[in-house]
Amino acid sequence: MPTLNKQAAKDIDLDKVSVVIAGKVHSDWSSYSVDSDFLIPADAWSMRLGLPGGTFPADVTRGAPVQVRVGSDVVMSGRVDRVRRQVSKDQVTITLMGRDGAAVLVDCAAPVFTGRQMSLEDVIARVVRPLGVTAIELNAESSIRNDKVSVEPGERAWDTLLRACAGRGLWPWFRPDGTLVIGGPDYTTAPVATLILRRDGKGNNLISLDEDSSEERSYSELTVLAQGHAHSSNSKALGIVEVGDSSSASSDDDSDSTDTLTTGTAETGFHGLRYTVQDTGITHYRPQVIQMHDADDLAQVQYRARKLMSDARLAGYSLTAVVKGHRTSDGVLWQPGQRIHVISEPHELDAVFFMMGREFSGGRSSATSSTLRLKEDGIWIPDAYPKKRKARKGKRKTKELGIVDVGPG
């Protein structure tokens, strides 16, 4: 029978998917899927395995802590959600499904509390630490201080977390090691790979490339309306603060101050908070108006407006690439947050894109492959690193279509 050379055997081992439960490694799956995406609240995995001996492993139970690995790299940490044990005349099969550390936040209610003068870090810790999430990292240039934070009974922890992050234009996700990250990506990192699709086939490394462009959720102009409650302190103490400096309350935003753009005072509350952003890539009039129930100041309205417009941009364009294996040509594991250079002659593309999500799939009866979900580069979470964002130069050949702040309408 044919034999594999050492390099081929090494490549197979690098892409081998396994789960570690109670210190034991389980692999050689009949089929598997490992899906990770910034926009999906909890990353998920599923495995299916036939058991010729007919004996189910005793340590594989629902709720058990688990690590999912590709080769020696950990790609997800969480718990087993579901265990299905099937016995038929022909075979005995076990199917496992689970999610990462976000699962408990998605499923469970947040602790009920009301607080004042709380930083973003304080709010996050109050929400997630009681649910067992202890490793937290802030990936942004600045934080935010909230005058009032209130969590209602029955509100899901994930929804509370999103609401707290939205006031600063940030997003939460979990790293493979189980660390909760609040912030946004760094678009100054170099692309990890180049995906090629040429008509003559020279240098091609893509199985398929699907481009989807839509106008359904895109807007030429988006306006956010809000009002602010009466503050327990002067409004100047409720601004954006540099990370690591709790005494600072300055803002990096270059828009006009709240006092000149709103009606009201910190003691009586604000009304008529309004901010508008435009997408120059939409050539005809498509307006949208969003209402915020409450905002501490205009800065929160500005962050919210820019984040909503970036979400609309993300929904309007996507690339789905399918490649062999689970790693780049340099042996780097595909992971959300990477920047990828795509060259496709049929699609007339030669640009850098941002990987929003990816899915590993394979098994005994199917080829090992990765599905990469790509979005426009530099669009998602525009305010995590505003200084870097403004200094970054575009790498697209075509004219860059930006989001323009037009201020209060």
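Remember, predicted model here, so these are calculated numbers, not experimental data.

Draft legend 1. Inspection of the sheet that holds strand β9 (residues 136-139) at higher detail. The mixed open sheet is built from 3 strands, whose spatial order is β9-β12-β11. Pairing within the sheet leaves two strands with one partner each, and these edge strands are β9 and β11 (171-174). Between one strand axis and the next, the sheet turns by 25 degrees as a mean value, whatever way the strands run. As defined by bridge partners, β11 adjoins strand β12 (residues 180-183) across 4 bridges and the pair is classed as antiparallel. The residue bridging Trp171 from the neighbouring strand is Gly183, located in β12. Against the sheet, helix α4 (residues 157-166) makes contact with β11 and β12, and its axis sits at roughly 130 degrees relative to β11, the strand it touches most.

Draft legend 2. Structural context of helix α6 (residues 298-316). Taking 1.5 Å as the rise per residue, α6 with 19 residues should run 27 Å; its terminal C-alpha atoms sit 27 Å apart, in good agreement. Taken across its 19 residues, α6 has 16 buried, putting it largely inside the fold.

Draft legend 3. Region of interest: the side chain of Ser77. Its place among the elements puts Ser77 in strand β6 (residues 73-87). Among the residues examined, Ser77 registers a relative accessible area of 14% and is labelled buried. Of note is the side chain of Ser77, whose polar atom sits 2.6 Å from the backbone oxygen of Pro176. In this structure Ser77 touches Val66, Gln67, Arg99, Asp100, Gly101, Pro176, Asp177 and Gly178, once residues within four positions along its chain are discounted.

Draft legend 4. Structural view of the pairing of strand β4 (residues 44-50). Here strand β3 (residues 31-37) pairs with β4 via 5 bridges, running antiparallel. Paired with Ser31 across the bridge in β4 is Arg48. Where β3 folds back onto β4 in an antiparallel hairpin, the turn is made up of 6 residues. Two strands pair when backbone bridges link them, and β4 and strand β7 (residues 92-100) are joined in this way by 7 bridges, in the antiparallel orientation. Within the sheet, the bridge partner assigned to Arg48 lies in β7 and is Thr95.

Draft legend 5. Representation of unusual backbone geometry. Notably, Asp28 is not glycine yet its phi reads approximately 55 degrees, a positive angle. Using a relative accessible area of 44% as the deciding quantity, one classes Asp28 as partly exposed. Of note, Glu348 is a non-glycine position whose phi angle comes to about 55 degrees, a positive value. Mapping Glu348 onto the fold places it in the loop between β21 (339-344) and β22 (349-363). Using a relative accessible area of 75% as the deciding quantity, one classes Glu348 as exposed.

Draft legend 6. Layout of the environment of Arg48. Within the secondary structure, Arg48 sits in strand β4. By relative accessible area, which is 33% here, Arg48 ends up partly exposed. The spacing of Arg48 and Leu96 is 48 residues in sequence and 6.5 Å in space, taken between C-alpha atoms.

The rules behind these values
Within every chain, residues take consecutive numbers counted from 1 along the sequence as written. Per-residue local features are limited, in this predicted model, to residues with pLDDT of at least 70; the limit for side-chain atom pairs, both in listing and counting, is 80 or more; totals at the level of whole chains, interfaces and linings are taken over all residues. Heavy atoms throughout the structure, all of them, feed into the side-chain values; hydrogens and water do not. DSSP bridges decide pairing: two strands pair if at least two such bridges lie between them. In DSSP terms, a helix is any run of H or I states spanning at least four residues, a strand is any run of E spanning at least two, and both are numbered starting from the N terminus. The angle between two axes is taken between their N-to-C directions and runs from 0 to 180 degrees, where each axis is a line fitted to C-alpha atoms and a helix contributes only its stretch in contact. Contacts are residue-level and defined by heavy atoms, with any inter-residue pair within 4.5 Å sufficient. A helix is expected to span 1.5 Å for every residue after the first. When a residue's accessible area, from a 1.4 Å probe over protein chains only, is under 20% of the maximum for its type it is buried; when over 50% it is exposed; and in between it is partly exposed. Polar contacts, as used here, are pairs of N or O atoms within 3.5 Å; protein pairs need one atom able to donate a hydrogen and one able to accept it. Residues neighboring in sequence count only if both atoms are side-chain atoms.

Geometric values such as these leave the question of function open.
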